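Take a look at the letters that make up each chain.
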Amino acid sequence: MPANSNQIAKNLKIGVVGGSIAGCTVAIELVRLGCDVTLFERSGDELKDRGAGIGVPPSVINTFISRDLVDADIPYFPATTFSRIWRTPEEHQYGYLAWDQPAQLAALNWGALYRNLRARVPNSVYRANQRIVSINQGDEQVALELADGSNAVFDLVVCADGYASLGRQTLFPEVEVKYAGYVLWRGFLLENELDEWQPLDTGIRCLGYPGGHGIFYFVPGPNGSVERGERLVNWGMYVPVAESDIVEFLTDKSGKQWEGSLPPGAMPLQTERALKDKAYERIPDYYADILEKSPDTFAYSIYDCEVPAYRKGRICLAGDAGAFARPHSAAGALKGMNDAVSLSDAIRTHTTLEDALTQWNIERTAANNRIVNFGNQLGRALVKEIPDWSKMNATSMEKWFTSIVTMQTEYLPAKID
Ligand SMILES: Cc1cc2nc3c(=O)[nH]c(=O)nc-3n(C[C@H](O)[C@H](O)[C@H](O)COP(=O)(O)OP(=O)(O)OC[C@H]3O[C@@H](n4cnc5c(N)ncnc54)[C@H](O)[C@@H]3O)c2cc1C
């Protein structure tokens, strides 16, 4: 007779690599199922303060609240429009509004989401400052080698170690992470530094310009406040950087080369100055002033990657360690958390671990590769081939958008008829 699922979970020793959004969610879910979980995170305590804003479909938040992954009163702002705006000589202060595109997005503070999750992972499970340097699969066990030379052996290892995942490289060395040809320059500004808050009060502002666009929206303030005057303006500007120039772009003011991102405050002053100056030519002055005042800006280079599978033997991938999509898809956190929730559901509802992993793998591979394609379509429409919106209106904007972005998601719902 097959063992029941609780027995499977109770006998499982699980290793999780990475303790950010996806890793914490995996750990919470599997601990609750009764598994014996150990999570290894290479960073110390600093993760919680490093994020800015993040957007997810509102229904996702409700699901996460109902599973007690986040507090019922986690602060966020619901947004129902993407206001597509273009700078014109006549409307250089606030820009020309070409289209209020319907959207369903909840804007959260990344740090608040992370802290909610981290608080639910028992401290006995979360091992900070522990970097995994190799992952070795045996017949029915997986050995993790730590940077200090020690080893730990598990029945199942879930790699939630982000976009440059050691887990993905171990399982699928042939998989390529593709640079999209542009970076996301980011920052935030406390609301009390704004001259006026009204232009940002509702929805998400999306400022188009040749070669990219910028997004601006309020997220709850650093202490979680949603009160007027205490919010945080979260912004990101997509900026083309040729592949041949990316190493130089990711070299910080002390000459150190970073991979994939430049952390807050590390960007050389002249690079930041040039980006801020350029913004005054590209986007309306109201928004360029926000960039001008923002301290410690940072940047990510944009990549995407599809994967052939989410598991091989006893090693699974979760979050950005699996397929990962360009940020236009607003799927980073949602995808990672869904991977975790569905893994736990699969283990709970199947009678053998093998069946659970087989089913979970099929479902996650299809769903997440689809999100990658959605992100690529958005990147084509909103960065690579962005047309001049100043010559368009709501009707022509919708026609253009749906001719390129044929996939729909909950966050960008079906077109209006
Ligand atoms: C500090 C931080 C701030 C972020 N801020 C934002 C934000 O403001 N807005 C936004 O949209 N997205 C943000 N992201 C990205 C976003 O969290 C992810 O795209 C998404 O949520 C998927 O999360 P993830 O857990 O799969 O990957 P990630 O969040 O990238 O986490 C991967 C984790 O694995 C750890 N790790 C990697 N390799 C190893 C190893 N060998 N051994 C042990 N640990 C390892 C990393 O230190 C990291 O904590 C941020 C990510 C980080 C790490």
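Small disclaimer: the values here were computed from a predicted structure and weren't measured.

Student: Report on the overall build of the protein chain, specifying residues and quantitative values.
Tutor: When its secondary structure is counted, the protein chain shows eleven helices and 18 strands. Relative to its length of 417 residues, the protein chain is compact, with a C-alpha radius of gyration of 22 Å against a globular reference of 22 Å. Across its three principal directions, the C-alpha atoms of the protein chain cover 75 × 55 × 40 Å. Per-residue burial for the protein chain yields a buried fraction of 46% across its 417 residues. Here the analysis covers contacts within the protein chain between residues at least 6 apart in sequence; of these, 73% occur between residues at least 24 apart.

Student: Before we move on, could you go through helix α9 (residues 332-349) and cite the residues and values that matter?
Tutor: Its 18 residues give α9 an end-to-end C-alpha distance of 26 Å, which sits within 8% of 26 Å, the value for a rise of 1.5 Å per residue. For α9, the buried fraction is high: 13 of the 18 residues fall into the buried class.

Student: Just give me the short version of unusual backbone geometry, but keep the residues and values in it.
Tutor: One non-glycine residue, N129, adopts positive backbone phi at about 60°. Note on placement: N129 falls in the loop between β6 (126-127) and β7 (132-137). For D296, which is not glycine, the phi torsion reads 45° and is therefore positive. Examined against the element boundaries, D296 turns out to sit in the loop between α8 (285-293) and β16 (298-304).

Student: I'd like a rundown of the domain arrangement of the protein chain, residues and numbers included.
Tutor: Partitioning the protein chain into domains gives domain 1 (5-44 + 128-177 + 306-376) and domain 2 (55-109 + 180-303 + 387-404). Its C-alpha centre places domain 1 at a distance of 30 Å from the equivalent point of domain 2. At the junction of the two partners, domain 1 supplies twelve residues and domain 2 supplies 14 residues. For the side of domain 1 that touches domain 2, the secondary structure elements donating two or more residues are α2 (21-33) and α9. Sort the elements by how many residues they give to the side of domain 1 that touches domain 2 and α9 lands first, with four residues. Class assignment of the residues belonging to the side of domain 1 that touches domain 2 gives a composition of ten nonpolar, one polar and one charged.

Student: Could you give an account of the site of the ligand, naming the residues involved and the relevant values?
Tutor: The environment of the ligand is formed by 31 residues, the closest being G18, S20, G162, G319 and G332. At the level of secondary structure, the elements contributing two or more residues to the shell around the ligand comprise α2, β3 (53-56) and α9. Across the shell around the ligand, the residue classes tally to 14 nonpolar, eleven polar and six charged.

Student: Provide a residue-level description of the sheet that holds strand β5 (residues 96-109), including the pertinent values.
Tutor: Strand order in the open sheet made by the nine strands is β3-β5-β4-β12-β13-β14-β11-β16-β15, with mixed pairing throughout. Every other strand in the sheet has two partners, leaving β3 and β15 (261-262) as the edge strands with one partner each. As paired elements, strand β4 (residues 76-86) and strand β12 (residues 204-209) share five bridges and run parallel to each other. Of the residues in β12, the one forming a bridge with F82 is I204.

Student: A description of the pairing of strand β14 (residues 232-240) should follow, citing residues and the corresponding values.
Tutor: Across the nine residues that make up β14, a large majority, eight, are buried. Inspection of the sheet shows strand β11 (residues 178-190) paired to β14 by nine bridges, in the antiparallel sense. Within β14, the position partnered with L190 by the bridge is L232. Both strand β13 (residues 212-219) and β14 contribute to a ladder of six bridges, which runs antiparallel. Across the sheet, residue F218 finds its bridge partner in β14, namely V233.

Student: Describe the packing of α9 against helix α10 (residues 353-384), naming the residues involved and giving the relevant values.
Tutor: Orientation of α9 relative to α10, taken along the N-to-C sense of each, is 155°, at an axis distance of 9 Å. Considering their axes alone, α9 and α10 lie roughly antiparallel with respect to each other. Note on packing geometry: the crossing formed by α9 with α10 is right-handed. From α9, K335, D339, S342, L343, A346 and I347 reach across to α10, where they touch L353, A356, Q359, W360, E363, R364, N368 and I371. Taken together, the residues of the contact of α9 with α10 sort by class into seven nonpolar, three polar and four charged.

Student: Lay out the sheet that holds strand β8 (residues 142-146) in plain terms, naming residues and giving numbers.
Tutor: Strand order across the open sheet formed by three strands is β7-β8-β9, with antiparallel pairing between neighbours. Each having just a single partner strand, β7 and β9 (151-154) make up the two edges of the open sheet. Between one strand and the next, the sheet's axes are offset by a mean angle of 20°, whatever the strand orientation. Pairing of β8 with β9 involves four bridges; the strand directions are antiparallel. In the sheet register, E145 faces β9, and the bridge partner there is N151.

Student: Break down the pairing of β11 for me, citing the residues and quoting the values.
Tutor: The pairing of β11 with β16 spans six bridges and is classified as antiparallel. Bridge assignment links Y179 to a residue of β16, and that residue is Y303.

Student: Just give me the short version of the environment of F298, but keep the residues and values in it.
Tutor: Within the secondary structure, F298 is located in strand β16. For F298, a count of 19 C-beta atoms within 10 Å puts it in the partly exposed group. The sequence separation of F298 and G23 amounts to 275 residues, and the corresponding C-alpha distance is 24 Å. Leave out the neighbours within four places in its chain, and F298 touches R186, G187, S261, L262, P263 and P264.

Student: Can you break down the packing of α2 against helix α4 (residues 110-118) residue by residue, with the values?
Tutor: Contact geometry of α2 with α4 gives a least axis separation of 9 Å together with a crossing angle of 25°. One finds that α2 runs roughly parallel with respect to α4. The handedness of the crossing between α2 and α4 comes out as left-handed. Residue-level inspection shows I21, C24, T25 and I28 of α2 in contact with α4, the latter providing L113, Y114, L117 and R118.

Calculation notes
- Residues numbered from 1 in each chain as written.
- Predicted model: local features only at pLDDT ≥ 70, side-chain atom pairs only at ≥ 80, totals over all residues.
- Helix = DSSP H or I, 4+ residues; strand = E, 2+ residues; numbered from the N terminus.
- Rg over C-alpha atoms; globule rule 2.2 N^0.38 Å.
- Buried ≥ 20, exposed ≤ 12 C-beta atoms within 10 Å, placed from the backbone.
- Contact = placed C-beta atoms within 7 Å.
- Expected span 1.5 Å × (residues − 1).
- Domains from an automatic or database assignment.
- Nonpolar A, V, L, I, M, F, W, Y, C, P; charged D, E, K, R; others polar.
- Near = placed C-beta within 6 Å.
- Pairing = 2+ DSSP bridges.
- Axes fitted to C-alpha atoms, helices over the stretch in contact; angles between N-to-C directions.
- Parallel < 35°, antiparallel > 145°, perpendicular 65-115°, else oblique.
- Left-handed = near helix turned anticlockwise from the far one by under 90°.

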